[in-house]
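Residue-level listing of the chains:
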Amino acid sequence: MKAIIAEKPSAAREIATLLGATEKRDGYLTGNGYEVTWALGHLVTLAMPEDYGVQGFQREALPILPDPFLLTVRKIKKDKSYVPDSGALKQLKIIEQVIGRCDSIIVATDAGREGELIFRYIYEYLNCRKPFERLWISSLTEKAILNGFDNLKAGSDFDGLYRAGQGRSRADWLVGINASQALSIAAGRGVYSLGRVQTPTLALICKRYFENRDFTVKKYFQIQLEHRKDFVDFKSISKIKWDDKKLADDTLKSVQRAGTATVTAVANKTVTEQPPLLFDLTGLQKEANKRAFFTAEETLNIAQSLYEKKFITYPRTGSKYIPEDLWTEIPLLVRALETRASCKEAIEKVKFIRFNKRIVNDVKVTDHHGLLITEKIPSGLSTNENVIYDMIAHRLLEALSPACSKEMTDIGLQVLHYDFTLKGCKILEAGWRGIRKNFTDDENEPVQELPELEISDELKIKEASVLEKKTKPPGLYTEASLLSAMENAGKEVDNEDERKVLKDIGIGTPATRASIIETLFKRDYIRREKKTLVPTEKGLQVYGVVKDKRIADVAMTAEWEMILQKIENNEADATAFHKDMEAFATSVTRELLDVSIVRKDQLQLTCPKCKVHRLLVWNKVVKCSDDACGWLQFRNICGVQLSVSDIESLVINGKTNLIKGLKGKSGRKFNAYIIMDDKGETTFEFEKRKSQKK
């Protein structure tokens with residue numbers, strides 16, 4: 001009998017059906033010599049400080065450096081403490097029984113670093129010694145699963161992958177637990193969270209926020225000319241940018257009197273734009289955020305759903321390429337798309353071309369190849385699933401298309417002694433951009449064709465005007481641009497030698513970046529303002545403390561990612577990395593224990609319920625500093641955020657000023673006061689309507 005352990009029930013059912021293990025039992029399926037069971041994500045995790053006898057936050061206990069690390073069943077928060085997850089306990093017991101009845105194990109968790117870690121932690125926790133093999137597949141189609149079982153790999157082939165996962169897990173524990181406790185102790189109130197990757201990511205957001213906020217916007221002026229030749233209208237712009245509008249206006253008058261512009265330079269060049277590669281997860285998340293405003297987490301969840309329904313290949317990939325042996329299957333995927341209405345027009349454009357083989361590269365395929373559709377064409381998808389599926393399908397068709405060829409033209413003009421310039425673009429071969437129906441990635445790049453122009457040609461000036469423009473600050477991050485910054489963190493390093501080494505290294509991995517961003521939201525460190533990400537007051541306070549410390553160093557975090565990759569490839573020593581992380585955690589803990597956090601919005605207010613302890617004012621809530629009291633007031637009331645002065649008035653006077661624009665459950669807006677009784681409970685008091693005079 002063989003035990004098979006999948007990551008989720010859905011994957012287990014697919015595998016069990018193909019292997020003939022169709023008899024359903026509690027927590028597993030059996031039949032045909034197999035027992036197929038599943039984990040529920042991370043059933044087993046690293047133990048928490050209390051499991052080592054460290055209760056609460058104790059300055060003298062830091063840094064906590066477990067030796068050895070202990071494993072425990074996943075815990076969930078209940079009341080004020082963490083207790084074992086009953087569902088995890090039950091499923092772990094079932095896995096133990098299944099393994100006990102079998103001679104060997106086939107590991108069928110997701111084929112990646114975290115999937116490997118999920119199994120190995122279970123294996124280690126159960127003190128199992130039975131031999132195991134690895135099912136390594138990139139999709140859940142029948143063909144992929146059966147092929148995977150025909151080519152099972154030795155479990156030891158993935159020891160490097162496990163060591164990298166274990167190293168990541170322990171490093172996050174050492175830095176996260178110690179740094180978070182140290183900062184919380186130093187602050188003296190509230191709980192703060194820091195992490196190996198989340199803190200450098202917060203630093204990126206805050207740094208950009210300050211760059212944007214402190215940017216001095218300057219006005220400048222340029223002169224625009226309008227021309228017409230051979231029935232084509234086009235515009236040119238002055239090379240000079242005037243700071244003084246009067247100077248620009250005076251120049252305009254001179255230009256208008258001149259009436260004509262002379263062509264002084266004509267430069268043509270042919271530009272070839274290669275088609276994009278396949279999506280990796282981060283690329284898909286960026287594109288979905290730009291085009292559909294999906295968050296990184298939403299995109300990952302949708303892609304995971306499509307994967308489990310067997311419509312796309314494994315989504316948590318960091319590669320944009322496919323191996324040579326997969327190339328022969330690409331025409332089958334293209335043909336399968338012919339039946340999908342949303343792809344019909346694009347299919348017509350690639351039907352009779354020779355496919356571009358640029359996506360084939362065995363060396364650049366990591367754990368998994370780039371995102372592909374499968375031969376199973378979907379129906380009955382949700383709106384959001386259709387959006388993501390079509391993005392992946394169209395990207396495949398773009399990647400297989402020929403390059404786009406453009407003729408770019410730079411024209412120089414002169415009026416009196418003032419230089420003007422204009423640019424033109426002529427599409428010679430649409431190539432892959434014909435599928436996208438978009439011939440530029442830059443809104444400012446011209447795509448219009450110009451008439452034939454030669455040096456010394458005289459062009460009449462139809463219209464001339466002064467344009468008022470402004471310098472633009474660095475844009476606030478969107479999720480798409482933040483993902484790019486995380487992916488390319490090494491490029492932001494100031495030291496040139498370090499930048500070369502870290503050129504292609506980011507912080508986090510494609511599989512974890514979405515959860516890191518979501519963690520910052522949960523910690524109340526960042527919030528969304530329309531499409532952009534901005535730090536909260538709490539986030540800025542944390543950044544103020546850590547910005548000059550190593551825990552916020554993007555370069556250092558990128559170096560760690562590089563080392564973990566080497567551990568995965570058996571090119572670096574996991575023990576040495578662990579020692580370095582212990583030393584780093586110790587150093588950071590000492591740094592943070594010496595800092596202090598001053599909250600700008602922290603009012604000196606007494607709790608209205610217990611009448612003893614001070615109130616803590618956070619971005620989302622106001623709460624009593626004594627957990628035993630438990631008084632709490634949410635600051636967002638019916639869509640309106642209570643200001644600090646509202647909180648002060650409510651607690652001191654028992655009533656806020658009139659709050660306008662509150663939104664009821666029906667969506668209708670209303671105005672009201674918020675009042676508080678002696679027990680600290682709040683309710684609405686509606687404004688009295690003035691009686692109309694007859």
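Since this is a predicted model, take the numbers as computed values, not measurements.

## A short note on the overall build of the chain
Thought 1: A count of helices and strands for the chain gives 20 helices and 28 strands.
Thought 2: Put simply, 71% of the contacts in the chain that link residues at least 6 apart link residues at least 24 apart.
Thought 3: Between the centroid of the 108 positive side chains of the chain and the centroid of its 98 negative side chains there is a distance of 6 Å.

## Quick word on the pattern of salt bridges
Thought 1: Scanning all chains against the criterion turns up 43 salt bridges.
Thought 2: In this structure, Glu-23 and Arg-25 form a salt bridge, with 2.5 Å as the shortest nitrogen-oxygen distance.
Thought 3: On the basis of relative accessible area, Glu-23 is assigned to the partly exposed category, the value being 41%.
Thought 4: As a salt-bridge pair, Lys-143 and Glu-329 come within 3.7 Å of each other at their nearest N and O atoms. You can see Lys-143 sitting in helix α4 (residues 142-150) and its partner Glu-329 sitting in the loop between α9 (296-308) and α10 (330-336), a full 186 residues away along the chain.
Thought 5: Judged by relative accessible area, Lys-143 falls into the partly exposed class, the value being 48%.
Thought 6: Among the residues examined, Glu-329 registers a relative accessible area of 27% and is labelled partly exposed.
Thought 7: One salt-bridge network, held together by shared partners, links Glu-114, Arg-168, Asp-172, Arg-196 and Glu-561.

## Details of the packing of helix α18 (residues 554-568) against helix α19 (residues 574-593)
Thought 1: The contact between α18 and α19 brings their axes to 10 Å, and the two run at 160°. By the angle between their axes, α18 is roughly antiparallel relative to α19. Two packed elements cross with a definite hand, and for α18 against α19 that hand is left-handed. Where α18 approaches α19, its residues Met-556, Trp-560, Ile-563, Leu-564 and Ile-567 are matched on the opposing element by Ala-574, Phe-577, Met-581 and Phe-584.
Thought 2: Among the residues making up the contact of α18 with α19, the classes are represented as nine nonpolar, no polar and no charged.

## Thoughts on the packing of helix α8 (residues 281-292) against helix α12 (residues 383-400)
Thought 1: Relative orientation of the contacting elements α8 and α12 amounts to 120°, with a least axis distance of 11 Å. In terms of axis orientation, α8 runs oblique to α12. Crossing geometry of α8 relative to α12 is assigned as right-handed. Where α8 abuts α12, its residues Leu-284, Glu-287, Ala-288, Arg-291 and Ala-292 lie against Val-387, Ile-388, Met-391, Ile-392 and Arg-395.

## Side note on the packing of aromatic side chains
Thought 1: Under the criterion given, the structure shown has 14 aromatic pairs.
Thought 2: Ring centres of Trp-136 and Phe-158 lie 4.7 Å apart, and the angle between their planes is 20°; on these two criteria the pair is classed as stacked. Taken together, the residues span a long stretch of sequence, with Trp-136 in the loop between β10 (132-134) and α4 and Phe-158 in the loop between β11 (153-154) and α5 (159-187) at a distance of 22 residues.
Thought 3: Taking relative accessible area as the criterion, Trp-136 reaches 19% and is therefore assigned buried.
Thought 4: With a centroid separation of 4.7 Å and an interplanar angle of 80°, the aromatic rings of Trp-560 and Phe-584 are classed as edge-to-face. Highlighted residues: Trp-560 in helix α18 and Phe-584 in helix α19, separated in sequence by 24 residues. Each member of the pair, Trp-560 as well as Phe-584, is classed as buried.
Thought 5: Grouping aromatic residues by their ring pairs yields a cluster made of Tyr-52, Phe-69 and Trp-173.
Thought 6: Directly above the ring of Phe-279 sits Arg-395, whose terminal nitrogen or CZ lies 3.9 Å from the centroid.

Cut-offs and rules
- Residues numbered from 1 in each chain as written.
- Predicted model: local features only at pLDDT ≥ 70, side-chain atom pairs only at ≥ 80, totals over all residues.
- Heavy atoms only, no water.
- Helix = DSSP H or I, 4+ residues; strand = E, 2+ residues; numbered from the N terminus.
- Contact = heavy atoms within 4.5 Å.
- Lys, Arg positive; Asp, Glu negative; His and termini not counted.
- Charge placed at Lys NZ, Arg CZ, Asp CG, Glu CD.
- Salt bridge = Lys/Arg side-chain N within 4 Å of Asp/Glu carboxyl O.
- Buried < 20%, exposed > 50% of the residue type's maximum accessible area, 1.4 Å probe, protein only.
- Axes fitted to C-alpha atoms, helices over the stretch in contact; angles between N-to-C directions.
- Parallel < 35°, antiparallel > 145°, perpendicular 65-115°, else oblique.
- Left-handed = near helix turned anticlockwise from the far one by under 90°.
- Nonpolar A, V, L, I, M, F, W, Y, C, P; charged D, E, K, R; others polar.
- Phe/Tyr/Trp six-rings, centres within 6.5 Å; stacked < 30°, edge-to-face > 60°.
- Lys NZ or Arg CZ within 6 Å of the ring centre and 35° of its normal.

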